[in-house]
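The lines below spell out each chain.
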Amino acid sequence: MTGTTPPRAHATDAIPAADTPRLAVRGGGRFPVRRIYCVGRNFADHAREMGATAPASKAERGTPVFFMKPADAVFTGEVVPYPPATSDLHHEVELVVALGHDAPAGELPLARAPALVFGYTVGLDLTRRDLQAAAKAKGLPWDTAKGFDHSAPAGELVPAAEVDGLDSRMLELRVNGQVRQRASLSELVWNVPEILHELSKLYALRAGDLVFMGTPAGVAALQPGDRFEASLEGVATLHGRIGG
Ligand code: MN
């Protein structure tokens, strides 16, 4: 062999390792993303608009609906590429929770859950609604409807210590200046500590994990050229445009 080979982080890697996706942190630094967990049907009005039954009380909640997106679905650019294989790209505005500490599977008591949180932001759980409807009709998984490239635009993370009164803050999404989704986080079926407690029954949680907490009613289609502005009242904003 002649010439020089660029040094690799791991000399035995057969190919260059992919970059770790990262979110900016308010006040400086970046947050490397490990996994993206998502919660489905976590606002009763959205569950109903999707044709699902909404629980009438906490006692009737059952277990949360979880799914995942790949870490590199996180998107922090201004123009979100319109994805292939859909003609019904939907917005779902969501609270995003970032974890700063680990918890072994099955060992996270509810009371300890808040201490895991690094910070919060607002994000979009972009969804190929046509593929999701087809999957639901056949009893198939949602992966192609949910876990595609650029499907998790997210804003700057705000450290938890700078956020108070989270449970009563408003989540809002405007598209081309018009309000499409607006709800108080007090309407969440499962709140943040409850979701982390439930997730920990299924997975070892790690620093670097994100949780998209579910969307309120008002989900609808985004068209190429649409401008969006999402906000978590008084905490974080996210704006951009849908590309062609
Ligand atoms: Mn969602």
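Parameters and conventions
- Residues numbered from 1 in each chain as written.
- Predicted model: local features only at pLDDT ≥ 70, side-chain atom pairs only at ≥ 80, totals over all residues.
- Heavy atoms only, no water.
- Donors = N, O, S within 2.8 Å, 3.2 Å for Na, K, Ca; no water.
- Helix = DSSP H or I, 4+ residues; strand = E, 2+ residues; numbered from the N terminus.
- pLDDT = per-residue confidence, 0-100.
- 1 Å grid on protein atoms, 1.4 Å probe; cavity = no way out; pocket = protein on both sides within 12 Å on 5 of 7 lines; lining within 4 Å.
- Points joined across faces, edges and corners; volume = space filled by probe spheres on them.
- Buried < 20%, exposed > 50% of the residue type's maximum accessible area, 1.4 Å probe, protein only.
- Polar contact = N/O pair within 3.5 Å; in protein donor to acceptor, adjacent residues only side chain to side chain.
- Contact = heavy atoms within 4.5 Å.
- Pairing = 2+ DSSP bridges.

Enquirer: Any details on the coordination of the manganese ion? Residues and values, ideally.
Expert: Looking at the manganese ion, the protein donor atoms are Glu92 (OE), Glu94 (OE) and Asp125 (OD), and they sit 2.0 to 2.1 Å from it. Mapped onto the sequence, the residues coordinating the manganese ion show the spacing E-x1-E-x30-D. Separated by 33 residues along the polypeptide, Glu92 in the loop between β7 (89–90) and β8 (93–99) and Asp125 in the loop between β9 (117–124) and β10 (127–128) bring together distant segments of the chain.

Enquirer: Lay out the confidence of the model for the chain in plain terms, naming residues and giving numbers.
Expert: Averaged over all residues, the pLDDT of the chain equals 95, while 96% of them reach at least 70. Element-level pLDDT for the chain is lowest in helix α1 (residues 44–49), with a mean of 92, against a maximum mean of 99 in strand β15 (residues 210–212).

Enquirer: Could you give an account of empty space enclosed by the protein, with specific residues and numbers?
Expert: This structure, assessed with the given rule, holds 2 cavities of 30 Å³ or more. Computed from the structure, the largest cavity encloses a volume of approximately 120 Å³. The wall of the largest cavity is formed by 17 residues, among which Gly40, Arg41, His46, Glu92 and Trp142 lie closest to the centre. Here the element with the most residues in the lining of the largest cavity is helix α2 (residues 129–138); it accounts for 3 residues.

Enquirer: Break down the side chain of His91 for me, with residues and values.
Expert: In this structure, His91 sits in the loop between β7 and β8. Overall, His91 belongs to the buried group, its relative accessible area being 0%. Only 3.0 Å separates the side chain of His91 from the side chain of Gln181, close enough to count as a polar contact. Every residue in contact with His91, bar those within four places of it in the chain, is listed here: Asp125, Leu126, Leu173, Val175, Arg180, Gln181, Gly218, Val219, Ala220, Ala221 and Leu222.

Enquirer: Break down the pairing of strand β3 (residues 36–40) for me, with residues and values.
Expert: Taken across its 5 residues, β3 has 5 buried, putting it largely inside the fold. Relative to strand β4 (residues 65–69), β3 is paired through 5 bridges, and the arrangement is antiparallel. When the bridges of β4 are listed, Tyr37 appears paired with Met68. Looking at chain direction, β3 and β15 are connected through 3 bridges and run parallel. Paired with Cys38 across the strands is Phe212, a residue of β15.

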